[in-house]
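# Structural overview
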Amino acid sequence: MSLSVGTIVKGKVTGITNFGAFVETEDGSRGMIHISEISRSYVEDIRSVLRVGQAVNVKVISINEQGKIALSLKQLESGDDRKPAAKKAPKAQPRQRKKYEPAPAVTSPGDFEWQASSAGGSFEDMMSKFKRTSEDKMSDLKRGESRGYSRRGNGSGRK
């Protein structure tokens, strides 16, 4: 009997390693079942699933140029005993704005308006206003820390 990819053959486990099990088929050919082809579920130790001398039905999944035969037990398992695949949650659709709905105002901490005012203003004017606001807030924070206030709100400045 000549082996070909896709055929199912009977065999006997002749050896077990950490990475797979070696099987001798009825016609005398030798192949290997890689640990990933033992079962659909996770296999930590092959010896917990197979033992030397055990008769198995295996599927031929590949034969390379050197004649090495790759076998599978996993591909013979029925799909009914598998856990159902977890359903993916539907992706949230981005909210579509209506054409007439204005874009929300973009603000930074301290409600600084980044958009140009109705009076019009250049980028440099907006940047200088932002810098003044930022410097005022930093000086307020430094003044509060020197009085013993902390940002964590414990009032003492100590842990």
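As a starting point, this report considers the structure included with it. (Residues numbered from 1 in each chain as written. Predicted model: local features only at pLDDT ≥ 70, side-chain atom pairs only at ≥ 80, totals over all residues. Heavy atoms only, no water.)

### Considerations on the packing of aromatic side chains
For any pair of aromatic rings, geometry is given as the distance between the ring centres together with the angle between the planes. Summed over all chains, the structure comprises 1 aromatic pair. Relative to F22, the ring of F19 has its centre 6.5 Å away and its plane inclined at 85°; by these criteria the two rings are edge-to-face. On the accessibility criterion, F19 (44% relative accessible area) is partly exposed. Classification of F22 as partly exposed rests on a relative accessible area of 28%. (Phe/Tyr/Trp six-rings, centres within 6.5 Å; stacked < 30°, edge-to-face > 60°. Buried < 20%, exposed > 50% of the residue type's maximum accessible area, 1.4 Å probe, protein only.)

### Concerning the sheet that holds strand β1 (residues 8-16)
Pairing is mixed in the closed barrel, where 5 strands are placed in the order β1-β2-β3-β5-β4. Across the sheet, the mean angle from the axis of one strand to that of its neighbour is 55°, orientation sign disregarded. Inspection of the sheet shows strand β4 (residues 55-63) paired to strand β5 (residues 69-72) by 4 bridges, in the antiparallel sense. Looking across to β5, one finds that I63 is bridged to I69. (Pairing = 2+ DSSP bridges. Helix = DSSP H or I, 4+ residues; strand = E, 2+ residues; numbered from the N terminus. Axes fitted to C-alpha atoms, helices over the stretch in contact; angles between N-to-C directions.)

### Quick notes on the layout of surface pockets
Reported here for the largest pocket is a volume of approximately 150 Å³. In this structure, the largest pocket is lined by R30, M32, I33, H34, E37, S62, N64, K68, I69, A70 and L71. Every element with two or more residues in the lining of the largest pocket is listed here: β3 (30-34) and β5. With 4 residues, β3 is the single largest residue contributor to the lining of the largest pocket. The residue inventory of the lining of the largest pocket, partitioned by class, reads 5 nonpolar, 3 polar and 3 charged. (1 Å grid on protein atoms, 1.4 Å probe; cavity = no way out; pocket = protein on both sides within 12 Å on 5 of 7 lines; lining within 4 Å. Points joined across faces, edges and corners; volume = space filled by probe spheres on them. Nonpolar A, V, L, I, M, F, W, Y, C, P; charged D, E, K, R; others polar.)

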